[in-house]
Amino acid sequence: MLDSISRERTPGVGLFLTRWMRNPLRMGSVVPSSPALCQRIARHTRWAKDEVVVELGAGTGVVSRALLEAGLPPEKLVVVEIEAEMSAHLRDTLPGVNVLTGDAFALPDILPKALHGKVGTAICGIPLVLLPLAQQQRFVDAVEAVAPGKGFLLYTYCATSPLPYRKLGLNAKREAWTPLNIPPASVWRYTPAKG
Ligand SMILES: C[S@@+](CC[C@H](N)C(=O)[O-])C[C@H]1O[C@@H](n2cnc3c(N)ncnc32)[C@H](O)[C@@H]1O
């Protein structure tokens, strides 16, 4: 069955599903994000001339592709993916994009130093809602270390904020919602409360 899934028409869906079967908590979703959700994420992504966009938990690259289609040059996109098989797929299918295989929680260590302070938007695809508060705080701190004051976008199925943002020292704003995703999803922007 898995063999036939991996020969499916939409590249990466079989890979996504097999990774989900092996590690559902890390994947957080059975299927990749829909085009409607990816377009909304891209719409709320900002970058200046000297900045890059950092996508954390890129999976099969559906959000990455929407960012490129929205006009982000490939050399300005850095994607981080912890699953080696998925990052190999990203390297094969996203020419010119900087693909980092590693843990987003170690972002200050894996992102090239020259890009620290040069992150226009960080986008989180990691299912943070499933993690305890201390780990969520580690994520917030890792992003703050490389993108001071910028915060991050997070897409989620939760109707309300998936993060206890006040406890994490953040402000929260729901930027977008779409019913055209399985399940319906929102895009949240979190920024440091003191920033
Ligand atoms: C819900 S999927 C999102 C995939 C894709 N961005 C999408 O929207 O379809 C979560 C992805 O985050 C990756 N991931 C989970 N924990 C991670 C971590 N600590 N560092 C980097 N990637 C991680 C998983 O391997 C998976 O590819």
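Everything numeric here is computed off the predicted structure, so don't read it as measured data.

(A) Local environment of the overall build of the protein. Per the secondary structure count, the protein includes 8 helices and 7 strands. Looking at the protein residue by residue over its 195 residues, the buried ones come to 48%. At a minimum sequence separation of 6, the contacts of the protein that also span at least 24 residues come to 63%. Of the roughly 9500 Å² that the protein leaves accessible, carbon and sulfur atoms contribute 58%.

(B) Inspection of the pattern of salt bridges at higher detail. With the rule as written, the count across this model stands at 4 salt bridges. Of the charged contacts in the structure, one is a salt bridge between Asp50 and Lys118, with a shortest N-O distance of 3.0 Å. Here the residue Asp50 occupies a position in the loop between helix H4 (35–43) and strand E1 (52–56), and Lys118 occupies one in the loop between helix H7 (107–110) and strand E4 (119–124), the gap between them amounting to 68 residues. Among the ionic pairs, Glu175 bridges to Arg189, the shortest N-O distance being 2.5 Å.

(C) Seen up close, the sheet that holds strand E5 (residues 152–156). Strand order in this open sheet of 7 strands is E3-E2-E1-E4-E5-E7-E6, and the pairing throughout is mixed. Each of the sheet's edge strands pairs with one partner strand only, and the pair in question is strand E3 (98–101) and strand E6 (170–178). Taking the axes of each pair of neighbouring strands and ignoring which way they run, one obtains an average angle of 20° across the sheet. Looking at chain direction, E5 and strand E7 (residues 185–192) are connected through 5 bridges and run antiparallel. In the sheet register, Leu153 faces E7, and the bridge partner there is Arg189.

(D) Spotlight on H4. Residues Ala36, Leu37, Cys38, Ile41 and Ala42 constitute the buried set of H4. Buried residues in H4 make contact with helix H5 (62–69), E4, E5, E6 and E7.

(E) Spatial organisation of the side chain of Ser161. Secondary-structure assignment places Ser161 in the loop between E5 and E6. Reaching out from Ser161, the side chain makes a polar contact with the side chain of Tyr190 at a distance of 2.7 Å. In this view, Ser161 contacts Trp188 and Tyr190; residues no more than four positions away in its chain are not counted.

(F) Local environment of unusual backbone geometry. Along the chain, Ile182 connects to Pro183 via a cis peptide bond; the corresponding omega equals -10°. Position of Pro183 among the secondary structure elements: in the loop between E6 and E7.

(G) A look at the confidence of the model for the protein. Scored by pLDDT, the protein has a mean of 90; 88% of the residues are at 70 or more. pLDDT under 50 marks residues 1–10. Its contacts with residues more than four places away, or in other chains, come to 7 contacts.

(H) Fine view of H5. Considered for burial, the residues of H5 that qualify are Val63, Ser64, Ala66 and Leu67. Here the buried residues of H5 occupy an arc of 165° about the axis, which is enough to place them on one side. Residues of H5 that are buried make contact with H4, E1, strand E2 (77–81), E4 and E5. A positive phi of about 110° marks Gly71, the residue just after H5.

(I) Main features of the environment of Leu133. Secondary-structure assignment places Leu133 in helix H8 (residues 133–146). Residues contacting Leu133, with those up to four places away along its chain left out, are Pro164, Lys167 and Leu168.

(J) Focus on the pairing of E4. Summarising burial for E4: 6 of the 6 residues are buried, a large majority. Pairing of E1 with E4 involves 5 bridges; the strand directions are parallel. In the strand pairing of E4, Val54 is matched with Ala122. For E4 and E5, the ladder comprises 2 bridges, and the chain directions are parallel. Following the sheet pairing, Cys124 is matched in E5 by Leu154. Assessed by its sense of winding, the connection that carries the chain from E4 through H8 to E5 is right-handed.

What counts as what
- Residues numbered from 1 in each chain as written.
- Predicted model: local features only at pLDDT ≥ 70, side-chain atom pairs only at ≥ 80, totals over all residues.
- Heavy atoms only, no water.
- Helix = DSSP H or I, 4+ residues; strand = E, 2+ residues; numbered from the N terminus.
- Buried < 20%, exposed > 50% of the residue type's maximum accessible area, 1.4 Å probe, protein only.
- Contact = heavy atoms within 4.5 Å.
- Areas by Shrake-Rupley, 256 points an atom, 1.4 Å probe, with all protein chains shown as cover.
- Salt bridge = Lys/Arg side-chain N within 4 Å of Asp/Glu carboxyl O.
- Pairing = 2+ DSSP bridges.
- Axes fitted to C-alpha atoms, helices over the stretch in contact; angles between N-to-C directions.
- Polar contact = N/O pair within 3.5 Å; in protein donor to acceptor, adjacent residues only side chain to side chain.
- pLDDT = per-residue confidence, 0-100.
- Arc of directions from axis to C-beta.
- Right-handed = clockwise from strand over helix to strand, strands pointing away.

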